[in-house]
Amino acid sequence: MLDSAKPVLHTMMGNYPITTALKSGAVRANLADFDFVEVKVANNQFKQVVREAKYDLAELAIVTYLQAKAYGKPYVLVPAVLVSRGQHHTIAYNAERGTLKPSDLNGKRVGIRAYTVTTATWVRGILAGDYGVDLDSVEWITFEDPHVAEYRDPPAVKRAPPGKELAQMLLDGEIDAAVVGDKLPDPRLKHLIPDHEAAARAWAERHGGVPINHMVVVRESLSRSRPDVVRDVFQTLHASKAAAGLPDGGPLDPYRFGVAACRPILEVIIDFCWRQQLLPWRLSVDELFDETTRNLSV
């Protein structure tokens, strides 16, 4: 019961160093208990968050949250980052079919799991801003629907034929490049962006932070009715971060807490989403939060 003195929060979060102490009970909230759903990959639950409002507290990809906010889903953002990373290493090409540079992508076909995936959004923005890629000239080949049901992909986005797989299409030359994620799935594939680690660090230093993948969201009604609980949960998340021995603060801290710390990168991803036709209007950072979560700090 969420209106009880100590509510039990139905919670969905993945297994990361930053969540280990929280999920194991090594750190505990004073004002709430957690009913954690078992998840191997948090991404698989994102549709349930935004389509069914299934959880009181949840991990959510930032682009999915921005779309959820635009389409009136009942969640408010908590300024706590659970997953962030450089993005330059996630796009690859098949070197057996010749060398490919980022600037060669104009007019090409690029595979992505879904147009709305946060990693793909970051990669497209980086390609456009730093490598001169005309995103409108690229044909984006997708394999999955958006998490937010109301959203419709732009006309340049095409669905792969049934039965096709992203990596195999790249190996077969049916697409020219693909956002494949953290690890290259085949030795024939090479990173599209050379010196990707150095490029990612330089990007983070230039923009004031590491690109955000996943943050925390809380049910709006809980934030309104029990701001004390939300404040306590936020502090408990930060205690879980501390228990993991993760770096805390500084321009390249990947696990930022507080609106001020998150603002520079939230501004960038909102701009990328707007330019890539992912949002019906340009949101502001401040409207992602409510009176409770906007004032959270460590």
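Quick look at the structure, then. Computed from a prediction, not measured in an experiment: that's the story for all the values here.

So, the overall build of the protein chain
Inference 1: Counting its secondary structure elements, the protein chain contains nine helices and eleven strands.
Inference 2: Relative to its length of 298 residues, the protein chain is compact, with a C-alpha radius of gyration of 19 Å against a globular reference of 19 Å.
Inference 3: Projecting the C-alpha coordinates of the protein chain onto the three principal axes gives extents of approximately 65 × 35 × 35 Å.
Inference 4: Within the span of the protein chain, comprising 298 residues, buried residues form 53% of the whole.
Inference 5: A separation of at least 24 residues holds for 77% of the contacts in the protein chain among residues at least 6 apart in sequence.
Inference 6: A total accessible area of about 12,900 Å² is found for the protein chain, and carbon and sulfur atoms account for 49% of it.
Inference 7: The centroid of the 35 positive side-chain charges in the protein chain is displaced by 1 Å from the centroid of its 37 negative side-chain charges.

Here we look at the sheet that holds strand β2 (residues 33–36)
Inference 1: Read across the sheet, five strands follow the order β2-β1-β3-β11-β4 without closing on themselves; strand pairing throughout is mixed. Looking along the sheet, the strands with just one partner apiece sit at the ends: β2 and β4 (75–84). Adjacent strand axes in the sheet meet at a mean angle of 30 degrees when their direction is disregarded.
Inference 2: Along the sheet face, helix α3 (residues 62–70) touches β3 (57–61), β4 and β11 (212–219) and points at about 105 degrees away from the line of β3.
Inference 3: Sitting on the sheet, helix α8 (residues 227–243) is in contact with β1 (8–12), β2, β3, β4 and β11, with an inclination near 5 degrees to β4.

Structural notes on the side chain of Ser240
Inference 1: Mapped onto the secondary structure, Ser240 falls in helix α8.
Inference 2: Judged by its relative accessible area of 0%, Ser240 falls in the buried class.
Inference 3: Setting aside residues up to four positions removed in sequence, Ser240 forms contacts with Pro17, Ile18, Thr19, Thr20, Ala21, Leu22 and Val27.

What to know about the nonpolar core
Inference 1: With 64 residues, the main nonpolar core has Ile91 and Leu266 as its most contacted residues.
Inference 2: Of all the elements, helix α9 (residues 259–275) adds the most residues to this core, at nine residues.
Inference 3: Aside from chain neighbours lying at most four places away, what touches Leu266 is Ile62, Leu77, Ile212, Met215, Val285, Leu288 and Phe289.
Inference 4: Of all hydrophobic cores here, the second largest spans 27 residues; its members include Leu9, Leu57, Leu82 and Val218.

A word on the sheet that holds strand β7 (residues 139–142)
Inference 1: As summarised here, the arrangement of the six strands in space is β8-β7-β6-β9-β5-β10, forming an open sheet in which the pairing is mixed. Edge positions in the sheet fall to β8 (157–159) and β10 (189–191), since each of these pairs with one other strand and no more. Strand-to-strand twist across the sheet, computed as the mean angle between neighbouring axes with direction ignored, equals 35 degrees.
Inference 2: Two strands pair when backbone bridges link them, and β7 and β8 are joined in this way by three bridges, in the parallel orientation.

Some points on α3
Inference 1: In terms of burial, α3 is a largely internal element, eight of the nine residues being buried.
Inference 2: Along α3, the residues classified as buried are Ile62, Val63, Thr64, Tyr65, Leu66, Gln67, Ala68 and Ala70.
Inference 3: Once α3 ends, the next one or two residues include Gly72, with phi positive near 75 degrees.

A closer look at the pairing of β2
Consecutive side chains of a regular strand alternate in pointing toward one face of the sheet and then the other.
Inference 1: Alternating residues of β2 divide into Phe34 and Phe36, all buried, and Asp33 and Asp35, none buried.
Inference 2: Strand direction decides the pairing type here: β1 and β2, joined by four bridges, are parallel. Residue pairing for β2: Leu9 is matched across the bridge by Phe34.
Inference 3: For the segment spanning β1, helix α1 (residues 17–24) and β2, crossover handedness is right-handed.

Details of the packing of helix α4 (residues 118–131) against α9
Inference 1: As a packed pair, α4 and α9 sit with axes 9 Å apart at the nearest point and diverge in direction by 85 degrees. Compared by their axis directions, α4 and α9 come out roughly perpendicular. Across the interface between the two elements, Thr121, Trp122, Gly125 and Ile126 from α4 touch Ile265, Val268, Ile269, Phe272 and Cys273 from α9.
Inference 2: Across the contact of α4 with α9, the residue classes tally to seven nonpolar, two polar and no charged.

Conventions adopted
Residues numbered from 1 in each chain as written. Predicted model: local features only at pLDDT ≥ 70, side-chain atom pairs only at ≥ 80, totals over all residues. Heavy atoms only, no water. Helix = DSSP H or I, 4+ residues; strand = E, 2+ residues; numbered from the N terminus. Rg over C-alpha atoms; globule rule 2.2 N^0.38 Å. Buried < 20%, exposed > 50% of the residue type's maximum accessible area, 1.4 Å probe, protein only. Contact = heavy atoms within 4.5 Å. Areas by Shrake-Rupley, 256 points an atom, 1.4 Å probe, with all protein chains shown as cover. Lys, Arg positive; Asp, Glu negative; His and termini not counted. Charge placed at Lys NZ, Arg CZ, Asp CG, Glu CD. Pairing = 2+ DSSP bridges. Axes fitted to C-alpha atoms, helices over the stretch in contact; angles between N-to-C directions. Core = buried A, V, L, I, M, F, W, Y, C linked by side-chain atoms within 4.5 Å. Right-handed = clockwise from strand over helix to strand, strands pointing away. Parallel < 35°, antiparallel > 145°, perpendicular 65-115°, else oblique. Nonpolar A, V, L, I, M, F, W, Y, C, P; charged D, E, K, R; others polar.

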